[in-house]
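Examining the three-dimensional arrangement
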Amino acid sequence: MHQDLDQRLRGDIEQFRRDGVYKRFNHLTSPQAPRVQMEGRGEIIILSSNNYLGLSNEPSVVAAGRAGLEQYGAGTASVRFICGTFTVHRDLEAALAELVGTEAALSFVSCWNANEALFATLLGPEDVVISDQLNHASIIDGVRLAKVISKCETAVYRHSDLADLEQVLQAHRDKRTRLIMTDGVFSMEGDIARLPDLLELGRRYDAVVAVDDSHATGVLGPNGRGTAEHYGVVGEVDIITSTLGKALGGAAGGFIASSATVCDYLSQRARPQLFSNALPCTVAASALGAVRHLQAHPDLVTRLHANARYFREQLVARGFKPLAGETPIVPVILGETAKAIRMSEMLLDEGVFVTGFGYPVVPKGEARVRCQVSAGHTREDLDEALGAFERVGRALGLI
Ligand SMILES: Cc1ncc(COP(=O)(O)O)c(C=O)c1O
C-alpha cells in the first residue's frame, strides 16, 4: 500500500461523501428482473436496468449460456487470431449481422472495447471523426485514443444539430475519410438520433455514418433491430456498434457490424482484437440465445414500447416533466447531483430502485434520475413505482 496515494484518494472520497455524490453499491441476491431481492431491503422494483426485454434471466437464454459453458468450457484462453476463436463466435456474429442488417459483424468483450477499437483502427492522419457532443463516454474515450494512436483529426458537433454538423463537414471537405459518429439512443437523454437526416448529410458529404446502438438494439423498431429499423432504413448505416450487455441477455460483450471488409480489417488490425482475449464462449452462447429469442418473440418489443409509453404518460399525469421522448429511457431532470442522489435514496426507501446521475456522467447542473422501463414490468409494477414517485416528488416539492 502506498501511503501518500491512499491518503490523497481518501481525501477525495471524503469530499465525495460531504458533497452527497458518493455512489453506494446496492447488492442484489437474485437475478436481474423487474422485481429483485436486494440485500438488506428485500423485494425491490428495478426501474434502472438495461434488461429491456427481460432476457438476462430468460430460461432459454440461460440454458444457451449453460450449454455454451458445457461445450466450450470456462475460458477462451487466447486472443482471437491465436487460438481463441470458437464456432460459437462465428454463429453469434452471423446472427448479429442478420439482426441489425449488415453484411458482417465482429464481437468484442464489450461495446466500450468495440468503440475504443473503431476509430483508431479505421482512421489515420488524413481522416476525421466527427462526434455528437452527447455521445457515450466510450465513444469520447475512443475518439481521444484515436487522436493519440492513429493521429486522426477529431471534431464535435452540437447535439443532434445537423446545421452545425454540416459546417463541420464543410470544414473537413479535404479529408480522405469523414466519419460521423452518433449514439442511436442517447443514454442519458433517451432521445433518438436523427438518423435519416444524418444519412442524407453523410451521402452529400461522402461521409461514413456510424451509430452506437447500445440502447437501441432489441429496443427500437417493431422487431428490435435498432435505430435503422425505427426509421425504416435498415441496411443503410455504414457501421453499427452495439452491446450484448443490455437488451441482448445483458451479460457483457459488444460488436461492430458493417461490411465484410470493415469487419475483416478490424479483425486484422484492431488492437483489442489482437492483444486481448475473445468474448467468453458462455457469454457468446447466451447472447446468441438472446438474439434467437428476440427474433421469435417480437411481441416483447411491442410490450416494451407500450410500457414505456404508459410510464411516461403517467409520470406527466402526476405532474412530473420528464424529458420528451419515445424510448424506454425516461429521465427526470433535478439540477444538482446531491438532489438526484437524495431522490433515488428516497425512492429506494419506498422499494423502487432508480439511479440518480450527476456530474461527470451528465453536465453540471443537469443531474437527474433516469428511469428505464422494461417489457417485463407489469402494470402493477409500474403503478407501484409511480405511486412511490408521487410521494417522493411531493416530499421534495417537485410536483
Ligand atoms: C451508448 C453506449 N455505448 C457503449 C456502452 C458500453 O457498453 P458495454 O457495457 O458493452 O461496454 C454503453 C453502456 O452504457 C452505452 O450506453
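Read on for a plain summary of the structure.

What counts, and at which threshold
Along each chain, numbering runs from 1 in the same order as the chain's sequence is written. Predicted model: local features are reported for residues with pLDDT of at least 70 only, side-chain atom pairs are reported and counted for 80 or more only, and whole-chain, interface and lining totals are derived from all residues. Each side-chain value is derived from all of the structure's non-hydrogen atoms; neither hydrogens nor water enter the calculation. Helix numbering and strand numbering both begin at the N terminus, where a helix is a DSSP run of H or I of at least 4 residues and a strand a DSSP run of E of at least 2. Our radius of gyration looks at C-alpha atoms and nothing else; its globule reference is 2.2 Å times the residue count to the power 0.38. Classification of residues uses two cut-offs on accessible area relative to the type maximum, computed with a 1.4 Å probe and protein chains only: under 20% is buried, over 50% is exposed, and between them is partly exposed. Here, residues are in contact when the closest pair of their heavy atoms is within 4.5 Å. A 1.4 Å probe and the Shrake-Rupley method give the accessible areas. Residues count as covered only by the protein chains that appear here. Neither His nor the chain ends is counted toward charge; the positive residues are Lys and Arg and the negative residues Asp and Glu. The location of each charge is read from NZ of Lys, CZ of Arg, CG of Asp or CD of Glu. Think of it this way: one heavy atom of a residue within 4 Å of a molecule or strand is enough to make that residue near it. Whenever a nitrogen or oxygen atom comes within 3.5 Å of another N or O atom, the pair is scored as a polar contact, on the condition that within protein one atom can donate a hydrogen and the other can accept it, and that pairs from neighbouring residues in sequence are kept only if both atoms are in side chains. The criterion for strand pairing is that DSSP finds at least two bridges linking the strands in question. Here, axes are lines fitted to C-alpha atoms. For helices the fit covers the stretch in contact, and angles between N-to-C directions go from 0 to 180 degrees. Joining through side-chain atoms within 4.5 Å is the link that ties buried Ala, Val, Leu, Ile, Met, Phe, Trp, Tyr and Cys residues into a set, and such a set is a nonpolar core.

**Considerations on the overall build of the protein chain**
If you tally the helices and strands in the protein chain, you get 15 helices and 13 strands. Expected size for 399 residues packed as a compact globule is a radius of gyration near 21 Å; at 21 Å, the protein chain falls within 12% of this value. Counting only residues that meet the buried cut, the protein chain has 52% of its 399 residues in that class. Of the contacts made within the protein chain by residues no fewer than 6 positions apart, 73% connect residues no fewer than 24 positions apart. Carbon and sulfur atoms provide 51% of the accessible area of the protein chain, an area that totals close to 17,700 Å². One finds the centroid of the 40 positive side-chain charges in the protein chain at a distance of 3 Å from the centroid of its 48 negative side-chain charges.

**A word on the site of the ligand**
Within the structure, the ligand sits among 13 residues, and Cys111, Trp112, Asp212, Thr243 and Lys246 are positioned closest to it. At a separation of 3.3 Å, an oxygen atom of the ligand approaches a polar side-chain atom of His136. Contacts to the ligand include Thr243, whose side-chain N or O atom sits 2.6 Å from an oxygen atom.

**Observations regarding the sheet that holds strand β10 (residues 329-335)**
Strand-to-strand pairing in sheets goes through backbone hydrogen bonds, with the strands running parallel or antiparallel. Spatial strand order, β10-β13-β12: 3 strands in an open sheet with antiparallel pairing. Bordering the open sheet on either side are β10 and β12 (355-357), each of which pairs with just one other strand. Looking at each pair of strands side by side, their axes are set apart by 30° on average, direction ignored. Note that β12 and strand β13 (residues 367-372) share 3 bridges and pair antiparallel. Bridging across to β13, Phe357 finds its partner in Arg368. Running at roughly 30° to β10, helix α13 (residues 298-317) makes contact with β10 and β13 of the sheet.

**Focus: the nonpolar core**
Core analysis: the largest hydrophobic core is formed by 61 residues, its most contacted members being Leu53 and Leu165. For this core, the element with the highest residue contribution is helix α12 (residues 281-296), accounting for 9 residues. Not counting residues up to four positions away in its chain, the partners in contact with Leu53 are Gly218, Ala247, Leu294, Leu300, Val301, Leu304 and Ala375. In terms of nonpolar packing, the next biggest core, distinct from the first, is built from 24 residues, Phe320, Ala340, Val354 and Leu382 among them.

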